[in-house]
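# Summary of the model geometry
One letter stands for each residue in the lines below.
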Amino acid sequence: MPEVSAGTLPAMPITGRRSVKAVASSLFALTKPRIIELLLVTTIPTMLLADRGLPSVRVLLVTLAGGALAAGSANTINCYIDRDIDAVMRRTSRRPLARPAPMAVVKPLEALIFGIVLGAASTVLLGTLVNWLSAILADAAILFYVFVYTIGLKRRTASNIVIGGAAGCFPVLVGWSAVTGTVSLPAIVLFAVIFFWTPPHFWALAMKFRDDYAAASVPMLPVVAPATVVARKILIYSYVMVASTLALAPYAGWIYTVCAVGLGGWFLAEAHRLHARVNRAASPVPAAAGPAADGTGREVDEGTCAGIARPSANPASMRLFHLSIAYLTLLFAAIAVVSLLPWGRW
């Protein structure tokens, strides 16, 4: 999944020998632990749904550990590759590899080796203690995130997060295959849910940090398209995402369906709210109306995402970003609950 502003450490000059604690803290920060938490939130309910109950505790714990190692590997290598643009962006400038030499705790080569070791450990753990299909899927997630998203797409196309976001969908496939030894239709539906959830989630964040991405020459959609276009695409993907959640209804049951409809309506209402606010902000102020038209008396240039890039003026984009995390968490919590209930199926 795309990174948020997690895993940063206080900026302090490093003098003398590096302490084990400081190095360990920096390496841990490179794994982006908050992103790993969200990935595990999707893995556990998927495993419960695959088992229609509580799977083996050993399989559950090993899969979570292996998945965390795989995600940590991908995120660490991502930080290694993107250390140049992380240093330019204010949001990421305090990440361990983005710091200037006097404040650096770990060296780039050390971080790269650490990321590779995490990936190897994930492969061995999942392959020997769960099954090799889960290990292969975890490896595929690492390779996709590093080579397709980070190296291939992120700096080249505004479709980076649309395609590259698939890397964050692999945990549901890993969790499903860990329990069943296969990848079946419900797992693919869950993959689709996260796939279509990712663009609205990340574009809402990127609207706030548009200037950061522009400074780093990263063509995120809010950098290369007017705010109205971004908001419209967020709305479209939100509808497709909600439709994807309903595709799981035949398998998950009526209680899940009620929850999915309610949560989907909540998310769509917020997406419409963002769309309406952006359109209002982008509308030129009538000359005769003056300051009363928008409270400021100024026209808004769509290409600057004005009022959206600055959440203090219009908090709608960050509101949707935070809501998207709550939405996904609650949706998968509903999946977990209905998987454990002896009733609620069609």
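Quick caveat: nothing in here was measured; it's all calculated off a predicted structure.

## Considering the overall build of the protein chain
- Counting its regular elements, the protein chain contains 15 helices and 0 strands.
- A buried classification covers 52% of the 346 residues belonging to the protein chain.
- Counting contacts in the protein chain only where the partners sit at least 6 residues apart, residues at least 24 apart contribute 77% of the total.
- When the accessible surface of the protein chain is summed, it comes to about 14500 Å², and 68% of that surface belongs to carbon and sulfur atoms.

## As for the packing of aromatic side chains
- The final tally for this structure, using the stated rule, is 9 aromatic pairs.
- For the ring pair F195 and F196, a centre distance of 5.3 Å and an interplane angle of 85° mean the geometry is edge-to-face.
- Taken together, the aromatic side chains of F195, F196, W203 and Y237 make up a single cluster linked through ring pairs.
- Seen from the ring of Y251, R52 lies directly overhead, with NZ or CZ sitting 4.3 Å from the centre.
- Its end group placed over the ring of Y80, R83 keeps NZ or CZ at 4.5 Å from the ring centre.

## Considerations on the packing of helix α5 (residues 108-129) against helix α6 (residues 132-153)
- Their axes nearest at 7 Å, the elements α5 and α6 cross at an angle of 160°. By the angle class used here, α5 and α6 are roughly antiparallel. For the pair α5 and α6, the crossing hand works out as right-handed. Between α5, through G119, S122, T123, L126, G127 and T128, and α6, the contact on the second element is made entirely by W132, S134, A135, A138, D139 and I142.
- In terms of residue class, the contact of α5 with α6 is built from 5 nonpolar, 6 polar and 1 charged.

## Some points on the nonpolar core
- Ranked by internal contacts, the top residues of the largest apolar core, which has 74 residues, are W203, Y213, L248, Y256 and Y327.
- Tallying contributions element by element places helix α9 (residues 185-208) first for this core, with 12 residues.
- If sequence neighbours within four positions are ignored, L248 has contacts with L49, P186, V189, L190, Y256 and I335.
- In terms of nonpolar packing, the next biggest core, distinct from the first, is built from 7 residues, L27, L30, V106 and A111 among them.

## Comments concerning the side chain of S339
- Positionally, S339 belongs in helix α15 (residues 316-340).
- We classify S339 as buried; its relative accessible area is 1%.
- A polar contact of 3.3 Å, which involves the side chain of S339, links it to the backbone nitrogen of L49.
- Among all residues touching S339, those that are not within four sequence positions of it are P45, L48, L49, R52 and G53.

## Section: the packing of helix α12 (residues 227-246) against helix α14 (residues 254-282)
- Orientation of α12 relative to α14, taken along the N-to-C sense of each, is 175°, at an axis distance of 9 Å. Here α14 runs roughly antiparallel to α12, going by the angle between their axes.
- Class assignment for the residues of the contact of α12 with α14 results in 17 nonpolar, 7 polar and 1 charged.

## So, the pattern of salt bridges
- Per the counting criterion, the structure on display carries 8 salt bridges.
- Here E270 ties to R273 by a salt bridge, and the two come within 3.9 Å at their closest N and O atoms. Taken together, the positions of E270 and R273, both in helix α14 and 3 residues apart, correspond to about one turn of that helix.
- Since its relative accessible area comes to 5%, E270 is described here as buried.
- A relative accessible area of 31% means that R273 is categorised as partly exposed.
- One salt-bridge network, held together by shared partners, links D82, D84, K154 and R155.

## Concerning α9
- Taking 1.5 Å of rise per residue, the 24 residues of α9 would be expected to cover 34 Å, and the 36 Å separating its terminal C-alpha atoms lies within 8% of that figure.
- Counting buried residues in α9 gives 17 out of 24 residues, a clear majority hidden from the surface.

## Digging into the environment of M89
- Looking at the secondary structure, you find M89 in the loop between α4 (83-88) and α5.
- Judged by its relative accessible area of 2%, M89 falls in the buried class.
- Put simply, M89 and A215 are 126 residues apart on the chain and 7.1 Å apart in space, counted from C-alpha to C-alpha.
- Those residues in contact with M89 that sit more than four places away from it in its chain are D212, Y213 and A216.

## Digging into unusual backbone geometry
- The phi dihedral of R52 is positive, around 55°, even though this residue is not glycine.
- With a phi angle near 60°, S217 is a residue other than glycine that sits in the positive phi range.
- According to the relative accessible area criterion, S217 is exposed, its value standing at 58%.

## A look at α6
- When the local axis directions of α6 are compared, the greatest deviation, roughly 30°, occurs at F144.
- Among all positions in α6, only S134, A135, L137, A138, A141, I142, Y145, V146, Y149, T150 and L153 are buried.
- Residues of α6 that are buried make contact with α3 (57-81), α5, α7 (160-164) and α8 (170-180).
- The N-capping residue of α6, defined by a side-chain oxygen 3.2 Å from the backbone nitrogen of L133, is N131.

Calculation criteria
Residues numbered from 1 in each chain as written. Predicted model: local features only at pLDDT ≥ 70, side-chain atom pairs only at ≥ 80, totals over all residues. Heavy atoms only, no water. Helix = DSSP H or I, 4+ residues; strand = E, 2+ residues; numbered from the N terminus. Buried < 20%, exposed > 50% of the residue type's maximum accessible area, 1.4 Å probe, protein only. Contact = heavy atoms within 4.5 Å. Areas by Shrake-Rupley, 256 points an atom, 1.4 Å probe, with all protein chains shown as cover. Phe/Tyr/Trp six-rings, centres within 6.5 Å; stacked < 30°, edge-to-face > 60°. Lys NZ or Arg CZ within 6 Å of the ring centre and 35° of its normal. Axes fitted to C-alpha atoms, helices over the stretch in contact; angles between N-to-C directions. Parallel < 35°, antiparallel > 145°, perpendicular 65-115°, else oblique. Left-handed = near helix turned anticlockwise from the far one by under 90°. Nonpolar A, V, L, I, M, F, W, Y, C, P; charged D, E, K, R; others polar. Core = buried A, V, L, I, M, F, W, Y, C linked by side-chain atoms within 4.5 Å. Polar contact = N/O pair within 3.5 Å; in protein donor to acceptor, adjacent residues only side chain to side chain. Salt bridge = Lys/Arg side-chain N within 4 Å of Asp/Glu carboxyl O. Expected span 1.5 Å × (residues − 1). Bend = angle between axes of the 7 residues up to and from the residue.

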